[in-house]
Amino acid sequence: RRKLGAPRRPRTNPMTQPQGWHRLKALLLSELAELVRINPSDRPWQMPFAAALATGLPLLVGAYFDHMEYGLISSLGGLTFLYLPNTPLYHRMVSLMACGFGMAACYALGVISHFFPPAMMLALSFTAILVSMVCRFYNLGPPGSLFFIMAASIGAYSPGEVLDVPLKVGLLTMGSLLACLIAFLYSVYILRQRPPGPVMPLPRPTFDFVVFDSVVIGLFVGASLALAQVLHLEKAYWVPVSCLAVMQGMSLRAAWTKQLHRLAGTGIGLLVSLGLLMLPLNNWSISAVMIVLAFVIETAVVRHYGFAAIIITPMTILLAEASTLGHGSSAALIEARFYDTVLGCLVGFAGAACLYSPRFREVAGSRLRRLIPSRPER
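Every chain is numbered on its own, with residues counted from 1 as its sequence reads. Reporting of local features is limited, given that this is a predicted model, to residues whose pLDDT is at least 70; pairs of side-chain atoms are given and counted only at 80 or more, and all residues count toward the totals for whole chains, interfaces and linings. The basis for every side-chain value is the complete set of heavy atoms in the structure, and neither hydrogens nor water enter the calculation.

### Overview of the overall build of the protein chain
The helix and strand inventory of the protein chain stands at 14 helices and zero strands. Helix and strand definitions here come from DSSP, where helices need a minimum of 4 consecutive H or I residues and strands a minimum of 2 consecutive E residues; each element is numbered from the N-terminal end. In the protein chain, the order of α-helices and β-strands from amino to carboxyl end is α-α-α-α-α-α-α-α-α-α-α-α-α-α. Buried residues in the protein chain amount to 45% of all 378 residues. Put simply, 81% of the contacts in the protein chain that link residues at least 6 apart link residues at least 24 apart. When the accessible surface of the protein chain is totalled, it reaches about 20,800 Å², and 69% of it is carbon and sulfur. Each residue gets one of three labels from its accessible area relative to the maximum for its type: buried under 20%, exposed over 50%, partly exposed in between, using a 1.4 Å probe on protein chains only. Whether two residues touch is decided by their heavy atoms; if any such pair falls within 4.5 Å, the residues are in contact. Exposure was quantified through the Shrake-Rupley algorithm and a 1.4 Å probe, taking into account, for residues, occlusion by the shown protein chains and nothing else.

Here is the structure:
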């Protein structure tokens, strides 16, 4: 017993300061290990080369005819090549042509929404919901609905007149057709070197995976664009794309890791973009840079997403802004893209938290089921 007047002994807390420091240190080390982890890949080098041709050849044609703005739109359609599955030739071409039609439809809807800005958020939400449902129903692999939403977002912020809509949609469709032709030639060659994978049967669609998840993704993608409009962000096409990229994680942990990769990669990529924009670029040099960037991205994206995000950032800036380079401050453009990425990642992580919350899925899913009539049993 303590004697009267003796000082009290400090009580020992089981969670002492050294233990808390060690746990924090272990958490930081695990996060760092996750950020620098490099995944193995068996992707042949011919695939990134063909993808670079699909996005780069339209730029070379545009540079030759001195219409870089046309080449950039067709180059956006060349991203269709990235949906080429590892299946037999007949299945590859049917799947790729369907994706090309989807790219043209999304871009057309985005271009039309440009003429009525209040409807831009509704159009993008509808596009994200519908595209996510189709991709999940048909079990479309990576990159999933990402480039469809990117096409719609860039189209929504593309200046022009109403009579330019058929021309723009036609240019993107021509880029998709070129991507299909390059994919056919690449497939004929590569299928002689490697056997194709089997055509997997479609999984039985479930309400939660196909409908509920798609609705949540579409609503948060639209909310990110609405926030960008409220904050008066100029040309905020990158906000919904960043939001969707984060929400495509297979789990909340994957979404968190992808958010860190995207923020860190975009921050470094913006510095790379600033260095590129300070160079005396012309139409031919922009085309060459885009081809090199596309090759590096498709080589690295399956190995380390953060490093790929470093290269993705200057490529997307050139893809959307190359026709207007020199008409404004490069530093202001870089700053705007940074704010777009931060806002998109924050909204995307909030959406992923809701998407993987059992309580949210139970409450919101039950209400969504009431809106959809049940299928009568036979």
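Text resumes after the structure shown.
### Details of the environment of T313
The residue T313 is located in helix 12 (residues 305-321) in this model. A relative accessible area of 5% places T313 in the buried class. Taking the C-alpha atoms as reference points, T313 and R337, separated by 24 residues in sequence, lie 8.8 Å from one another. In this structure, T313 is in contact with G265, T266, G269, L270 and S273, ignoring residues within four places of it in sequence.

### Here's the deal with the packing of helix 2 (residues 46-64) against helix 11 (residues 283-300)
Two elements in contact, helix 2 and helix 11, have axes separated by 8 Å at closest approach and are oriented at 165°. What the angle tells us is that helix 2 and helix 11 run roughly antiparallel. As for the relative orientation of helix 2 and helix 11, their crossing is right-handed in sense. On the side of helix 2, the interface is formed by M47, P48, F49, A51, A52, T55, G56, L59, L60, A63 and Y64, while helix 11 contributes N283, W284, S287, M290, I291, A294, F295, E298 and T299. Grouping the constituent residues of the contact of helix 2 with helix 11 by class yields 14 nonpolar, five polar and one charged. Here an angle of 0 to 180 degrees is reported between the N-to-C directions of two axes, which are lines fitted to C-alpha atoms, with helices fitted over the stretch in contact. Oblique is the label for any angle not under 35 degrees, not over 145, and not in the 65 to 115 range, which are roughly parallel, roughly antiparallel and roughly perpendicular in turn. Take the far helix as your reference; a near helix turned counterclockwise from it by less than a right angle gives a left-handed crossing, and one turned clockwise gives a right-handed crossing. Just so you know the grouping, Ala, Val, Leu, Ile, Met, Phe, Trp, Tyr, Cys and Pro go in nonpolar, Asp, Glu, Lys and Arg go in charged, and all remaining residues, Gly too, go in polar.

### Considerations on the packing of aromatic side chains
Centre distance within 6.5 Å is the pairing criterion for rings of Phe, Tyr and Trp, where only the six-membered ring of Trp is used; planes under 30 degrees apart are then read as stacked, over 60 as edge-to-face, and the remainder as tilted. A full pass over the atoms with the stated rule returns eight aromatic pairs. A centroid spacing of 5.0 Å and a plane angle of 90° characterise the contact between Y64 and F65, whose relative ring orientation is edge-to-face. Overall, Y64 belongs to the exposed group, its relative accessible area being 60%. Look at Y83 and F148: their rings are 4.9 Å apart centre to centre, the planes differ by 40°, and that puts the pair in the tilted class. Taken together, the residues Y83 in the loop between helix 3 (68-77) and helix 4 (89-113) and F148 in helix 6 (residues 146-156) connect sequence positions 65 residues apart. Across the pair, exposure class does not vary: Y83 and F148 are buried alike. To sit over a ring, a charge needs its Lys NZ or Arg CZ within 6 Å of the ring centre and within 35 degrees of the ring normal. Against the face of F209 rests R136, its NZ or CZ located 4.6 Å from the ring centre.

### Concerning the side chain of S176
Structurally, the position occupied by S176 is in helix 7 (residues 165-193). Every residue in contact with S176, bar those within four places of it in the chain, is listed here: G77, G78, T80, G100 and M103.

### Notes on the pattern of salt bridges
A pair is scored as a salt bridge if a Lys or Arg side-chain nitrogen falls within 4 Å of a carboxyl oxygen belonging to Asp or Glu. Overall, the coordinates contain four salt bridges when judged by the stated rule. Across the salt bridge formed by E362 and R359, the nearest N and O atoms sit 4.0 Å from each other. With a gap of three residues between them, E362 and R359 both fall in helix 14 (residues 358-371), about one helical turn apart. Judged by its relative accessible area of 53%, E362 falls in the exposed class. One connected set of salt bridges, linked through shared partners, spans R136, D213 and R361.

### Remarks on the nonpolar core
Of all hydrophobic cores here, the largest spans 92 residues; its most connected members are L76, L79, F81, Y107, F148 and V221. Of all the elements, helix 8 (residues 207-230) adds the most residues to this core, at 11 residues. What we call a nonpolar core is a set of buried Ala, Val, Leu, Ile, Met, Phe, Trp, Tyr and Cys residues that are connected through their side-chain atoms within 4.5 Å.

### With respect to the packing of helix 4 against helix 6
A packed helix pair is summarised by two numbers, namely the angle formed by the two axes and the spacing between the axes. Two elements in contact, helix 4 and helix 6, have axes separated by 7 Å at closest approach and are oriented at 30°. One finds that helix 4 runs roughly parallel with respect to helix 6. Seen from above, helix 4 lies across helix 6 with right-handed handedness. Residues C99, G102, M103, C106, Y107, G110, V111 and S113 of helix 4 form the contact with helix 6, whose participating residues are F147, F148, A151, A152, G155 and A156.

### Observations regarding the side chain of Q46
Along the chain, Q46 turns up in helix 2. Not counting residues within four places of it along the chain, the set of residues in contact with Q46 comprises Y186, Y189 and I190.

### Structural notes on helix 9 (residues 238-247)
Of all 10 residues in helix 9, 10 are buried, a share of seventy percent or more. Regarding helix 9, the residues found buried are W238, V239, P240, V241, S242, C243, L244, A245, V246 and M247.

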